[in-house]
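# Observations on chain architecture
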Amino acid sequence: MAKDYRQYLRVAKLPHVWCPGCGHGIITHAIAGAMADLQLDPDELAVLGGIGCSGRASFLFETDAMHTTHGRAVAFATGLKLARPDLRVLLVMGDGDALGIGGNHFIHACRRNIDLTAVIYNNAIYGQTGGQLAPTTPTEKRSTTSPYGNIEHPFDTVRLAVAAGATYVARTTSFDFPEIVRFVRRGIAHKGFSVIEVLTQCPTYYGRLNDLRDPSQMLYEFKLQTIPLEEYNQMSPEERAGKIPIGEFLCEERTEFVESYYSLCQLSRSV
Ligand SMILES: Cc1ncc(C[n+]2csc(CCOP(=O)(O)OP(=O)(O)O)c2C)c(N)n1
Ligand code: SF4
């Protein structure tokens, strides 16, 4: 029988502290849904987060959890996975956490193809500290540190993860709850480094600063801006302008780091 997603949530910690209309709750709920679909034993799971509004998701799961330092969740998770390869280790990280301060850890986890599942809560801004510019803030969009509009180009998380060597890469938005569940489920089941980017809304900072005060309007914008990958691939460059492809971009098998590490340990003992 399918498990109830609530089994995976630390309900005593609810209500959560996120602002009304924040998308972080949608993603957290979806991750619990993926765990329930896979009927995982909570004792086999660990969820790690960094600092930020998103990092707070780590202690909402009724699993082993670590609320680590900003940008270092991948490093903690790497140590945990090497020490306890039997655990399924998930990362809940903000875009600033994963790709700004933690960017170097992120690309090397991709390169090593370590068996972790990274869910990136991408609200395109540093939420917890007051809405500063992130490496994911779209060009021309406002943040508290770019009041005249961002002059930089944002990272494309999917292209970065694929180029760095992750072996499962998907993107969706907080508008599409079932798709988040499906991609996280597939990411957890995949052996290797899995990256699931979820574009999500921070109405308090990103929304307020960019004339999108209403969270439902922000969700609707995601619906308007995104195009399923198969459809996107058929579009001309002109049609693609301003559109974001969503879907599964990569799912491939490649040697996984923890397995290689333990094989090496065994080999070194036998010589
Ligand atoms: C080493 C270090 N630098 C900076 C900070 C301050 N800090 C805490 S959360 C945060 C931004 C969080 O943004 P993001 O990771 O995108 O998550 P969000 O809050 O948007 O979910 C920053 C800069 C910190 N805690 N530690
Ligand atoms: S500041 Fe933004 S990201 Fe943080 S809880 Fe509020 S709406 Fe969510």
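Structure report, in brief. (Residues numbered from 1 in each chain as written. Chains lettered and ligands numbered in written order. Predicted model: local features only at pLDDT ≥ 70, side-chain atom pairs only at ≥ 80, totals over all residues. Heavy atoms only, no water.)

## Description of the overall build of the protein chain
Operational definition: Runs of E in the DSSP output that reach at least two residues are strands. Runs of H or I that reach at least four are helices, and both are numbered from the N terminus. We compute the radius of gyration from the C-alpha atoms alone; for a globule the expected value is 2.2 Å times N to the 0.38, where N is the number of residues. Contact definition: two residues touch when any of their heavy atoms are within 4.5 Å. In this description, accessible areas are obtained by the Shrake-Rupley approach with a 1.4 Å probe, and a residue is regarded as covered only by the protein chains that are shown.
Each helix and strand counted, the protein chain has 11 helices and 8 strands in total. Computed over its C-alpha atoms, the radius of gyration of the protein chain comes to 18 Å, within 12% of the 18 Å expected for a compact globule of 271 residues. The long-range share in the protein chain, meaning contacts at least 24 apart out of those at least 6 apart in sequence, stands at 68%. Only carbon and sulfur atoms are counted for the fraction: they give 54% of the accessible area of the protein chain, which is about 12800 Å².

## Details of a nonpolar patch on the surface
Note the following rule: Only residues whose relative accessible area exceeds 30% and that form no salt bridge enter a patch; like-charged residues are grouped when within 9 Å of one another, and nonpolar side chains (Val, Leu, Ile, Met, Phe, Trp, Tyr) when within 5 Å. Counted as salt bridges are all cases of a side-chain nitrogen of Lys or Arg within 4 Å of a carboxyl oxygen of Asp or Glu.
A grouping of Leu-264, Leu-267 and Val-271 is seen on the molecular surface, where their side chains present a nonpolar patch of about 350 Å² in accessible area. Take Val-271: it is sitting in the segment after α11 (257–270).

## Quick look at helix α8 (residues 215–225)
As a reminder of what qualifies: Classification of residues uses two cut-offs on accessible area relative to the type maximum, computed with a 1.4 Å probe and protein chains only: under 20% is buried, over 50% is exposed, and between them is partly exposed. Starting at the helix axis, one direction is taken to each C-beta atom, and the arc is that of these directions.
Restricting attention to buried positions, one finds in α8 the residues Met-218, Leu-219 and Phe-222. Projected down its long axis, α8 shows its buried positions confined to an angular sector of 100°, all on one face. Elements in contact with the buried residues of α8: β5 (168–173), β6 (194–199), α7 (203–209) and β7 (226–228).

## Section: the sheet that holds strand β1 (residues 45–49)
To be explicit about the condition: Strands are treated as partners if at least two bridges between them are detected by DSSP. Throughout, an axis means a line fitted to C-alpha atoms (over the contacting stretch in the case of helices), and angles, computed between N-to-C directions, take values from 0 to 180 degrees.
Strand order across the open sheet formed by 8 strands is β2-β1-β3-β4-β6-β5-β8-β7, with mixed pairing between neighbours. Each having just a single partner strand, β2 (64–67) and β7 make up the two edges of the open sheet. The mean inter-strand angle of the sheet, taken between neighbouring strand axes irrespective of direction, is 20°. Inspection of the sheet shows β1 paired to strand β3 (residues 88–94) by 5 bridges, in the parallel sense. When the sheet's bridge partners are listed, Ala-46 is paired in β3 with Val-89. Across the sheet, helix α1 (residues 24–37) touches β1, β3, β4 (117–122) and β6, and the angle it forms with β4 is around 160°. Sheet strands in contact with helix α5 (residues 157–164) are β4, β5, β6 and β8 (244–251), and its direction is about 175° off that of β5.

## Focus on the site of ligand 2
To be explicit about the condition: Summary of the distance rule: residues count as near a molecule or strand when at least one heavy atom falls within 4 Å of that molecule or strand. When residues are grouped by polarity, Ala, Val, Leu, Ile, Met, Phe, Trp, Tyr, Cys and Pro land in nonpolar, Asp, Glu, Lys and Arg in charged, and all others, Gly among them, in polar.
In the neighbourhood of ligand 2, the contacting residues comprise Trp-18, Cys-19, Cys-22, His-24, Cys-53, Asn-123, Gly-127, Cys-202, Pro-203, Thr-204 and Tyr-205. Take the shell around ligand 2: its biggest share by element is 3 residues, from α7. Classifying every residue of the shell around ligand 2 by side-chain character gives 7 nonpolar, 4 polar and no charged.

## Overview of the pattern of salt bridges
The tally for this structure, following the rule as stated, stands at 12 salt bridges. For Arg-185, the salt bridge identified is with Asp-37, shortest N-O distance 2.7 Å. Of this pair, Arg-185 sits in helix α6 (residues 177–189) while Asp-37 is found in helix α1, placing the two residues 148 residues apart along the sequence. By relative accessible area, which is 26% here, Arg-185 ends up partly exposed. A salt bridge links Glu-197 to Arg-171; the nearest nitrogen and oxygen atoms lie 3.1 Å apart. With Glu-197 in strand β6 and Arg-171 in strand β5, this residue pair connects regions lying 26 residues apart in the sequence. Residue classification places Glu-197 among the buried positions, given a relative accessible area of 2%. With a relative accessible area of 5%, Arg-171 lands in the buried category. Each of the salt bridges in this network shares a partner with another, and the network as a whole consists of Lys-81, Asp-115, Lys-191 and Glu-259.

Everything listed is a geometric property; what it means functionally is a separate question.
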